[in-house]
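These are the residues of each chain, in order.
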Amino acid sequence: GAVVSQHPSRVICKSGTSVKIECRSLDFQATTMFWYRQFPKQSLMLMATSNEGSKATYEQGVEKDKFLINHASLTLSTLTVTSAHPEDSSFYICSARMSNYGYTFGSGTRLTVV
Amino acid sequence: AQKVTQAQTEISVVEKEDVTLDCVYETRDTTYYLFWYKQPPSGELVFLIRRNSFDEQNEISGRYSWNFQKSTSSFNFTITASQVVDSAVYFCALTSSGGSYIPTFGRGTSLIVHP
């Protein structure tokens, strides 16, 4: 089946540094990718929708300058958390839309900012 | 607007008990899809089932079964003879044309199965 590979699975970074999270579709072309953030014991919160070759659409309240999303190819989408702070610590998950009813999720990245 | 409500935050059962996880959804669209995902402690989302709005047939897959009732806008999930490995957070999700087919997730239900 379709697989989305997400890396890194876990990252610890210092406050003020930037962290890049990658999601690659391994055996299909992902025109649309979703990026979610999940706080402990909470649901998945959609951060942004990215379409290959165009700017990402961010959800209300999500800082586009802080969470940079790039979807330059049909197989790669990246989320960069810029100038990370402890409050950015969270679990981030990407998802590729394969159809209106088919979605494949990455395995998630646990970000800890110290 | 679309919405998914999972009223049960946490359920605790003893192994071999049956357990039902509730999911109630809201949408104005006539075409929509409902999903259940399992999220074990490792974090990845495991797809369990998808149902479209035109198919109200219930489904059984091993110890798992799903009851889709449009009359009550519910899509409940039952685990029969629960096992410790079923311990996880379970999410119900909805996509619809009105929501641009972007999944909306419920808050999740944490299921703890004790040996």
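Residues numbered from 1 in each chain as written. Chains lettered and ligands numbered in written order. Predicted model: local features only at pLDDT ≥ 70, side-chain atom pairs only at ≥ 80, totals over all residues. Heavy atoms only, no water.

> Explain the pattern of salt bridges to me, and be specific about the residues and the numbers.
Residue and element names in this part refer to chain B. Counted under the stated rule, the structure contains five salt bridges over all chains. One salt bridge connects D55 with R51, and the closest N-O pair in it is separated by 3.5 Å. For R51, a relative accessible area of 8% gives the class buried. The closest approach of N and O atoms between D86 and R63, which form a salt bridge, is 2.8 Å. (Salt bridge = Lys/Arg side-chain N within 4 Å of Asp/Glu carboxyl O. Buried < 20%, exposed > 50% of the residue type's maximum accessible area, 1.4 Å probe, protein only.)

> Tell me about the side chain of S50 of chain A, and name the residues and values.
All names here are of chain A. Here S50 is to be found in strand β5 (residues 44-51). At 2.9 Å, the side chain of S50 and the side chain of H71 are in polar contact. Those residues within four positions of S50 in sequence are excluded, and the remaining contacts are T31, T32, M33, A56, I69, H71 and S77. (Helix = DSSP H or I, 4+ residues; strand = E, 2+ residues; numbered from the N terminus. Polar contact = N/O pair within 3.5 Å; in protein donor to acceptor, adjacent residues only side chain to side chain. Contact = heavy atoms within 4.5 Å.)

> Could you give me a rundown of the environment of K3 of chain B, with the residues and numbers involved?
Residues and elements named next belong to chain B. By the element assignment, K3 lies in strand β1 (residues 3-5). A relative accessible area of 45% places K3 in the partly exposed class. Spatially, the C-alpha atoms of K3 and S42 are 26 Å apart, while their sequence positions differ by 39 residues. Ignoring anything within four residues of it in the chain, the contact list for K3 reads V24, Y25, E26, L94 and T104.

So far we have only geometry, and geometry alone does not tell us how the molecule works.
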